[in-house]
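# Commentary on secondary and tertiary structure
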Amino acid sequence: MPTVLQSPARTVPRAAGAGSAGGRLAPGDRQVLQIYLLTRAGLWLTAYCGAWLFPRDPGAKRGAPVLSVWEQWDWMHFQHIAEHGYVRAAEARPGFTNEEAFFPGFPMALRAVHTVLPHWGLAGLLISLVSGAVAMVALGRIAGLHGSEVLARRAVVLVLLSPCAVFLAAGYTESLFLAFALPAWLAAVRGRWPLAALLATAATATRVSGLFLAAALAVQFLVSRGRREAGRRWRPLPWLALPALPALLYTWYLHTLTGDWMAWKHAQERGWNREFHAPWEAWANTWRAAFDGEYRSGYALMFLAELVAMVVGLALLAVLLRRRRWPEATYLALSLWALGTSYWYMSLPRATLLWWPLWTGLAAWSLRRAWVTNTLVCVLAPLTTVFALAFTTGRWAG
């Protein structure tokens, strides 16, 4: 496999499309942004057509307003938190309990943008649009560290064609998290530890996955120490504790609100069945939900997608371990453990968006074998359309 799958701990030259040290956009970055904007336009067109072709009311004469198709599912919780803050479960409106399960980063950003953009839904979409652009440029630069502009573009195309790419466009946390996490990783690879820690801190405020990123940064720091000057090699170490601060502060805040130090975990358990189960029990429960005929077809299909995502994650973890890419393996292993030890799998397909080694690795593989490119595009493109229609028409089952 190309060198993109080798450990990034060594100092490497920047590829032509990897951007400048000052952060200016290189020609390769502009090509990535062009791809990004074109795929965003395609998703919006899909959402618009879906609103007309599959209205929630079968007797409707007009499609739903195009903005309204994005204002559903978890978005409603983010907007409610941004408007009203967190409230005790006993005081919560029906349908808005267990909101402690959502970290405050995205609602805080939403409230800030709403001060200048009065429409809540449009504010959320703008956050995802801008942060998604930052994330894709960073992903392209990460891929370009050990490859070429072609590899960078390929990695971006693949993640934007992934079945759950609709969540990068919706008012959800994935784009905002990646806008912090991927530049943090890029900074760590380049040895800029204070910047990496600050960006990882913002990522942790957005999603609990930021703690997994912080662990990966710590491993990256350790494996790169032998390549630094002896007197200075441990000086940045205290910075790596900073990403834990948002989680600690949020835990303390929820305790003051609810009197429960484990309020976040208990909200996850009440709302999403995320109480601990052995990994084999979680697999068995998800398998039964997918194949035993207990659930209607939409739910069964989503549980099947969860199983496929777990298999992909385990295969990727095996590759990372075999190639001794310990930092990325740490990040992925913690993600799989967190999502694979609930009653059943939930949100694993969405989590694949956050596994940047998956997209850089697939891009490298596809560049060596043309049939891989053709297969990925032919499989991913229709799945992306189906998932986008399921989400925007209110038929999402996961």
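Bear in mind the structure is a predicted one, so any value in this text is a computation, not a measurement. (Residues numbered from 1 in each chain as written. Predicted model: local features only at pLDDT ≥ 70, side-chain atom pairs only at ≥ 80, totals over all residues. Heavy atoms only, no water.)

## Topic: the environment of Ala215
Assignment of secondary structure puts Ala215 in helix H9 (residues 209-223). When its relative accessible area of 25% is taken as the criterion, Ala215 is described as partly exposed. C-alpha separation for the pair Ala215 and Ala241, spaced 26 residues apart in sequence, amounts to 9.6 Å. (Helix = DSSP H or I, 4+ residues; strand = E, 2+ residues; numbered from the N terminus. Buried < 20%, exposed > 50% of the residue type's maximum accessible area, 1.4 Å probe, protein only.)

## A few points about the pattern of salt bridges
The full count for this structure, using the stated rule, is 8 salt bridges. Salt-bridge contacts for Arg350 lead to Glu174; the nearest nitrogen and oxygen are separated by 2.8 Å. You can see Arg350 sitting in helix H15 (residues 348-351) and its partner Glu174 sitting in helix H7 (residues 174-189), a full 176 residues away along the chain. Judged on exposure class, the residue Arg350 and its partner Glu174 are both buried. In this structure, Glu328 engages Arg325 in a salt bridge whose closest nitrogen and oxygen atoms are separated by 2.8 Å. For the pair shown, Glu328 and Arg325 are each scored as buried. (Salt bridge = Lys/Arg side-chain N within 4 Å of Asp/Glu carboxyl O.)

## Thoughts on the environment of Trp70
With respect to the helices and strands, Trp70 occurs in the loop between helix H1 (27-53) and helix H2 (74-84). In this structure the C-alpha to C-alpha distance between Trp70 and Tyr172, which are 102 residues apart in sequence, comes to 9.8 Å.

## Some remarks on the packing of aromatic side chains
Inspection of the entire model under this criterion finds 23 aromatic pairs. Their ring planes at 40° and their centres at 4.9 Å tell us that Tyr331 and Trp356 sit as a pair that is tilted. A residue pair is termed long-range when its members are at least 10 positions apart, and Tyr331 in helix H14 (residues 326-339) and Trp356 in helix H16 (residues 356-368) qualify at 25 residues. Residue classification places Tyr331 among the buried positions, given a relative accessible area of 2%. Judged by its relative accessible area of 3%, Trp356 is buried. In textbook terms, an aromatic cluster arises when at least three aromatic residues are bridged by ring pairs, as seen for Phe78, Phe102, Phe106, Phe167, Tyr172 and Trp272. A cation sits over an aromatic face here: Arg350 above Phe167, 4.6 Å from the ring centre. (Phe/Tyr/Trp six-rings, centres within 6.5 Å; stacked < 30°, edge-to-face > 60°. Lys NZ or Arg CZ within 6 Å of the ring centre and 35° of its normal.)

## Details of empty space enclosed by the protein
The final tally for this structure, using the stated rule, is 3 cavities of 30 Å³ or more. For the second largest cavity, the calculated volume is near 50 Å³. Surrounding the second largest cavity, Met136, Leu139, Val159, Leu178, Leu182, Leu353, Leu354, Trp355, Trp356 and Trp359 form its lining. Within the residue set of the lining of the second largest cavity, elements represented by two or more residues are helix H4 (120-144), H7 and H16. Split by residue class, the lining of the second largest cavity holds 10 nonpolar, no polar and no charged. (1 Å grid on protein atoms, 1.4 Å probe; cavity = no way out; pocket = protein on both sides within 12 Å on 5 of 7 lines; lining within 4 Å. Points joined across faces, edges and corners; volume = space filled by probe spheres on them. Nonpolar A, V, L, I, M, F, W, Y, C, P; charged D, E, K, R; others polar.)

By themselves, these figures tell us nothing about what the structure is for.
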